[in-house]
Structures are given as structure tokens and as C-alpha cells.
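In case you want the letters, here they are:
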Amino acid sequence: MTRTEDVVVVGSLNVDLTARVQRHPLPGETVHATALATSAGGKGANQAVAAARLGARTALVGRVGVDAHGEMLLAALRADGVGTEQTHRDAEAVTGTALITVADTGENSIIVSAGANASLSPADIAAAQPLIAAARVVSVVLEVPVETVVAAARAARAAGARLVLNLSPVVDLPAEVLELADPLIVNEHEAREILRRNGFPVPAENIGHATGLRRIGARSVVVTFGADGAVVADAEHAEEIPGVPADAVDTTGAGDAFAATAAWRLSQGDPLPTAVWWATRVGACSVQHSGAQASYPTLDRVLSGAGLPK
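So, here's what we can say about the structure. (Residues numbered from 1 in each chain as written. Predicted model: local features only at pLDDT ≥ 70, side-chain atom pairs only at ≥ 80, totals over all residues. Heavy atoms only, no water.)

Within the protein chain, the secondary structure is distributed over 11 helices and 13 strands. Projected onto its principal axes, the C-alpha positions of the protein chain cover 50 × 45 × 45 Å. Across the 310 residues of the protein chain, 55% fall into the buried class. Of the contacts made within the protein chain by residues no fewer than 6 positions apart, 67% connect residues no fewer than 24 positions apart. Charged side chains in the protein chain number 23 positive and 33 negative. The centres of these two groups are separated by 4 Å. (Helix = DSSP H or I, 4+ residues; strand = E, 2+ residues; numbered from the N terminus. Buried < 20%, exposed > 50% of the residue type's maximum accessible area, 1.4 Å probe, protein only. Contact = heavy atoms within 4.5 Å. Lys, Arg positive; Asp, Glu negative; His and termini not counted. Charge placed at Lys NZ, Arg CZ, Asp CG, Glu CD.)

Quick look at the structure:
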């Protein structure tokens, strides 16, 4: 079958309500925000937009409510050329919402209300099967129900598409899903949580995080360490990919940009270390700007701003 989509993302759409604060509040404490912004977000939508801006042919399978926020999110996707034929409007639920605080350090804290994302179902995956069958890579995030993630992984396998699994937030998944992940992408905190849940010690060295997760069953693993780069591991070897220095303004959505870039490069046939090399650079571009989707670069900006070879 001829592939007509580089990346199909299965995942969430949220409206982001972002407050800038000097520091994150302690429990029971009130702090003043210096700014408040409303913008398009959600891990699924973020990945779809990030990949599309880099030039990937991209579509999103997801759900929003029949409300103004849902209309805003769909318009944002379409403005970046993301296919929304399988992004449905749910009259029984409100659009998902993320409440975000961003401190002066650039670090964020996020509370998510799933809304319509919680109603994305295996039936939606079945309806999207022709789209998935036309994809080189299917990228799945965990802000949607586990049974839907399982259905998406099975659909990717049936279509012969590569499954990129961004296990964020961490939830328990059936072994068959982890075994299809190629790669499993998590950050260092998520890696440690998964290792603990499976009874493995947390290693002192970065590379041990990825090799430890390989033993849990994933075909390949990517663990990100922020400015320190990432570690990749598969059945043959493990290696560290250096980070790119950047003055972080806002880290919101940087992990989504990283995963989307890796999925895009894998869809183009790059080996995993090369795909992650690209992903570290796009992530570095992202954190230098405020917001999630607003921070995602075009390929031209990556080439000029992140020091990639032309």
C-alpha cells in the first residue's frame, strides 16, 4: 500500500490556560500571575502540529467538545495543515483543558481535565483504520483511555506502521503494547516511575534508564534528560545523544515537540539515533519560546536557529 501520511497521531486535544508566575506555589499558598494566556495544546494536538510544521504529512485522531474551545483547537490544527477528518466533536463532553503555571525558571506545572479526550474510544480507532493503514508511523500518547491506546497499537501493527509510544503520563499498559513500541519515549522521571512499578532498581547512570526499560519489553527506548540530551537503546546497542544548550523560557510542550520530531524522522527512514539527534534540536528551539504549539519551529527555523547543517 502506498503511504499517504507520514505520521498519524492518536491522542488528546486541550485548551491551555497558562499563567506566568515568579515561582510555583506551595500547597495552600496563593501567588500572583504576571500574565495569563489561552492557547491550543494537548499532547496529541501538540505532536501533530509540531510534526506538520517540520514538513510531515500529518493527521490527528482525537475528540473535542462542541464548544468554542473545540472550534479553536480544530482551527489551529487546520491552520498548520494537520488532517482533522478523524478529529470528532463530542456533544456529550466539554473540550479538554490544561491549567498550566510557568515559573521564571521556565519549568512548568500542569493539571489536566480530560473532557472529551476521555471519550476517545476503540470505535474511533476502527473508524480511522483507513487513515492508519496509510501511515508510515503511528504516534500514541497517554492522555486518552488505555483501551483506546491498545486499539491504536493493534491497528498500527495490522497496518504495518511503526508505533511510537509516548508513555506520558505513566499508566500501566498491557505487555503487548509495550512490545510493539518502537520506540517507547519517556522523560527521566517517567522512566524511573516505570522501572519502580516493574520492580527494577533505578540506575545511577543515564544509559541504564534506557537499557532497563528495554528489559521490560519495548523494541526500542528513548529516555530524555532535558538539556542533557537523551539516551537510545534497542536490541543491538545503547548510546547517548548530547543535548543542545538553550536558554529555557518555557518548557511546556517541549517533550511533545521531541516525540513528534522523532516520529517524523523515523517516517523518513532515519535510524533511531539520527531521529533523536534531530529531536534534541527541535526541543531546544521549542523551549526558547513561550507556549506549546506557539513555540514549535518550522524546519527553516531549526536549520538556522539550532545549528543544524544546511
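Strand S6 (residues 96–102) sits mainly inside the fold: five of its seven residues count as buried. The sheet contact formed by S6 and strand S7 (residues 108–113) spans six bridges and is antiparallel. Considered in S7, the bridge of valine 102 is made with asparagine 108. The loop that links S6 with its antiparallel partner S7 comprises five residues; one of these, glycine 106, has a positive phi angle of about 95°. (Pairing = 2+ DSSP bridges.)

What follows deals with the sheet that holds S6. Strand order in this open sheet of four strands is S3-S2-S6-S7, and the pairing throughout is mixed. Two strands close off the open sheet at either side, each with one partner strand: strand S3 (33–41) and S7. Within the sheet, the average angular offset between the axes of one strand and its neighbour, ignoring direction, is 15°. Helix H2 (residues 68–79) contacts strand S2 (14–21) and S3 of the sheet and is inclined by roughly 70° relative to S3. (Axes fitted to C-alpha atoms, helices over the stretch in contact; angles between N-to-C directions.)

With that settled, consider the nonpolar core. Nonpolar side chains in soluble globular proteins tend to end up buried together. Judged by nonpolar contacts, the single largest core of 46 residues is most densely connected at Val138, Leu165 and Leu213. A per-element tally of this core places helix H5 (residues 146–159) first, with eight residues. Filtering out sequence-adjacent residues up to four positions away, valine 138 remains in contact with Val8, Val10, Ile132, Ala156, Ala161, Arg162, Leu163 and Val164. Residues Ala51, Ala260, Ala275 and Cys285 belong to the second largest nonpolar core, which totals 45 residues. (Core = buried A, V, L, I, M, F, W, Y, C linked by side-chain atoms within 4.5 Å.)

Helix H9 (residues 254–267) packs onto helix H1 (residues 43–53) with a crossing angle of 55° between their chain directions and a minimal axis gap of 8 Å. Between H1 and H9, the interaxial angle falls into the category oblique. Judged by the sense of rotation from one axis to the other, the crossing of H1 with H9 is right-handed. Of the residues in H9, those touching H1 at Lys43, Asn46, Gln47, Ala50 and Ala51 are Asp256, Ala257, Ala259 and Ala260. Looking at the contact of H1 with H9, its residues break down into five nonpolar, two polar and two charged. (Parallel < 35°, antiparallel > 145°, perpendicular 65-115°, else oblique. Left-handed = near helix turned anticlockwise from the far one by under 90°. Nonpolar A, V, L, I, M, F, W, Y, C, P; charged D, E, K, R; others polar.)

For the peptide bond that leads from serine 168 to proline 169, omega is 0°, which places it in the cis range. Tracing the sequence through the fold places proline 169 in the loop between strand S9 (162–166) and helix H6 (175–180). Going from aspartate 182 to proline 183, the amide bond is cis rather than trans, its omega being 15°. Here proline 183 is to be found in strand S10 (residues 181–187).

Another aspect to go through is the environment of arginine 20. You can see arginine 20 is positioned in strand S2. Taking the C-alpha atoms as reference points, arginine 20 and alanine 33, 13 residues apart in sequence, are found 5.3 Å from one another. In this structure arginine 20 touches His32, Ala33, Thr34, Ala35, Val102, Ala103, Val249, Asp250 and Ser290, once residues within four positions along its chain are discounted.

Judged by how many residues are buried, S9 sits mostly within the fold: four of five residues are covered. Relative to S9, strand S8 (residues 135–141) is paired through five bridges, and the arrangement is parallel. What sits directly across from valine 140, in S9, is leucine 165. Viewed along the sheet, the connection from S8 through H5 into S9 turns out right-handed. Looking at chain direction, S9 and S10 are connected through three bridges and run parallel. The residue of S10 that forms the bridge with leucine 163 is alanine 181. In the classification by handedness, the crossover that spans S9, the intervening H6 and the parallel S10 is right-handed. (Right-handed = clockwise from strand over helix to strand, strands pointing away.)

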